[in-house]
Amino acid sequence: MNFRQLESFRAVMSYGSVTQAAEAMRISQPAVSRLISDLEATLGLRLFERKHGRLRPTSEAHLLFQESNTAFSGLARLREAATSLRELKRGRIRIASETVYSEGFMPHLAAAYHVKHKEVRMELDTGPSSHIPGWIAETWYDLGLVVLPVPQTEVSVRFLRRQSALCAVPLDHMLSGKSVIKIEEFAGERFIAAVATTPFRVFVDRAFKNAGIEVDVRLEARTQHGILTLVGAGAGIALVDPCVAVGECSERVKFISVEPAIHWDIALVLPKVRLPSLICLDFVEYITKNAEKYFSR
């Protein structure tokens, strides 16, 4: 028994004639009759009595029609689900983000995206950039946001943007009146650094080394928001990602550009072993289009 045979049977039962069933299915009357005959042969049941060129359903046909309602209602729901997926109305996106971007940037864009895609389920998780590509390669998550470079070859990498560090200083600090701070001015200042295992510490240490200066590291914190809290409390100055320049701690801190600029690149990563869903790809495009707008604040 195949789907087309069952569909023709249901059409004849619903419309009461082969002629109308053929019109509804957009096939010829002989084709409908042949499908019905094939279904009877497959099932070993007589479903219709043929009198004067008309088909009259047997008792078995009525019972089979009732049983088929459940199956076809399930198929109808399946069609609706497929249509919703195609039209980006439903789906699920599991996201793993470098910590600093999981506390502002990613939730902000996810919430804005969700306004127009209310049936889409989104899971936001956080982790270090060194681990996220591996999680993506194993398809634990559908999408990752990381600081480059990415050593994993089993993921697709889509460059998102280049970040330039800002100097965060307490409002009463002697450097707070400046519009630009030269990297040489960090020498001798109490400096709050990211812990050694974070990518941000690598970029900052490299910049200081290239400039030939040593900084007085008094405190270290794992997260950028933790660093900013320490700066706001007057514990020292720091170099931070621009995304932390918005929030409650930022009201107690002045953010100043640095020369020469200290850069790092961020990117989106997707698994290679499995094609991303349509809704995931649409969200990737949404992030790409709106990232600049977010950071321009």
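The coordinates are above.
The following paragraphs examine the structure supplied in this document. In this text, all values refer to a predicted model and were calculated from it rather than measured experimentally.

1. Topic: helix H2 (residues 18–25)
Phase 1 of the analysis: The set of residues buried in H2 consists of Val18, Ala21, Ala22 and Met25. An end-on view of H2 places all buried positions within 100° of arc, on one side of the element.
Phase 2 of the analysis: Contacts made by the buried residues of H2 are with helix H1 (3–15), helix H3 (29–43) and strand E2 (54–57).
Phase 3 of the analysis: Trailing H2 by a residue or two, Arg26 shows a phi angle of about 60°, which is positive.

2. Some remarks on a nonpolar patch on the surface
Phase 1 of the analysis: Taken together, Met1, Leu43 and Leu45 make up a surface patch of nonpolar side chains, about 260 Å² in accessible area.
Phase 2 of the analysis: As for its placement among the helices and strands, Leu43 is situated in helix H3.
Phase 3 of the analysis: Residue Leu43 is classed as partly exposed on the basis of its relative accessible area of 31%.

3. Description of the nonpolar core
Phase 1 of the analysis: Judged by nonpolar contacts, the single largest core of 60 residues is most densely connected at Tyr101, Phe105, Phe186 and Leu239.
Phase 2 of the analysis: If one sorts the elements of this core by residue count, helix H10 (residues 278–295) sits on top with eight residues.
Phase 3 of the analysis: Each residue touching Tyr101, except ones within four places of it in the same chain, is listed here: Met106, Pro107, Leu145, Val147, Gln163, Phe200, Asp241, Cys243, Trp264, Ile266 and Phe295.
Phase 4 of the analysis: Counting residues in each nonpolar core, the second largest holds 18 residues, with Phe9, Ala22, Phe48 and Leu55 among its members.

4. Some remarks on the environment of Ala187
Phase 1 of the analysis: For Ala187, the position within the fold is in the loop between strand E8 (180–182) and strand E9 (190–194).
Phase 2 of the analysis: Taking relative accessible area as the criterion, Ala187 reaches 38% and is therefore assigned partly exposed.
Phase 3 of the analysis: Between the alpha carbons of Ala187 and Gly212 there is a distance of 9.7 Å; along the sequence they are 25 residues apart.

5. Structural notes on the packing of aromatic side chains
Phase 1 of the analysis: Overall, the coordinates contain 13 aromatic pairs when judged by the stated rule.
Phase 2 of the analysis: Ring geometry for Tyr113 versus Tyr286: centroids 5.3 Å apart, planes at 65°, classification edge-to-face. With Tyr113 in helix H6 (residues 105–116) and Tyr286 in helix H10, the pair connects residues that are 173 residues apart, well separated along the chain.
Phase 3 of the analysis: Taking relative accessible area as the criterion, Tyr113 reaches 2% and is therefore assigned buried.
Phase 4 of the analysis: For Tyr286, a relative accessible area of 23% translates into the label partly exposed.
Phase 5 of the analysis: With a centroid separation of 5.3 Å and an interplanar angle of 85°, the aromatic rings of Tyr294 and Phe295 are classed as edge-to-face.
Phase 6 of the analysis: With a relative accessible area of 7%, Tyr294 lands in the buried category.
Phase 7 of the analysis: Judged by its relative accessible area of 14%, Phe295 falls in the buried class.
Phase 8 of the analysis: Feature note: the residues Tyr101, Phe105, Tyr294 and Phe295 constitute an aromatic cluster, connected by ring pairs.

What counts, and where the lines are drawn
- Every chain is numbered independently, its residues counted from 1 as its sequence is written.
- Where totals are concerned, whole chains, interfaces and linings use all residues; where local detail is concerned, this predicted model gives features only for residues with pLDDT of at least 70, and gives and counts side-chain atom pairs only at 80 or more.
- Only hydrogens and water are set aside; all other atoms, that is, all heavy atoms of the structure, feed into the side-chain values.
- Relative accessibility thresholds used throughout: buried, under 20% of the residue-type maximum; exposed, over 50%; partly exposed, between the two (1.4 Å probe, protein chains only).
- To qualify as a helix, a DSSP run of H or I must reach at least 4 residues; to qualify as a strand, a run of E must reach at least 2; elements of each kind are numbered from the N terminus.
- An arc is given here, and it is the one of the directions from the helix axis to the C-beta atoms.
- Every residue pair with non-hydrogen atoms within 4.5 Å of one another is taken to be in contact.
- Patch membership requires more than 30% relative accessible area and the absence of a salt bridge. Residues of like charge join within 9 Å; the nonpolar side chains Val, Leu, Ile, Met, Phe, Trp and Tyr join within 5 Å.
- Per-residue and other accessible areas were derived by the Shrake-Rupley procedure at a 1.4 Å probe size, with only the shown protein chains allowed to occlude residues.
- In what follows, salt bridge is the name for a side-chain nitrogen of Lys or Arg lying within 4 Å of a carboxyl oxygen of Asp or Glu.
- Joining through side-chain atoms within 4.5 Å is the link that ties buried Ala, Val, Leu, Ile, Met, Phe, Trp, Tyr and Cys residues into a set, and such a set is a nonpolar core.
- The pairing test for Phe, Tyr and Trp rings, Trp by its six-membered ring, is centres within 6.5 Å, and the orientation test on the planes gives stacked under 30 degrees, edge-to-face over 60, and tilted for anything in between.

Geometric descriptors of this kind do not, in isolation, establish any biological role.
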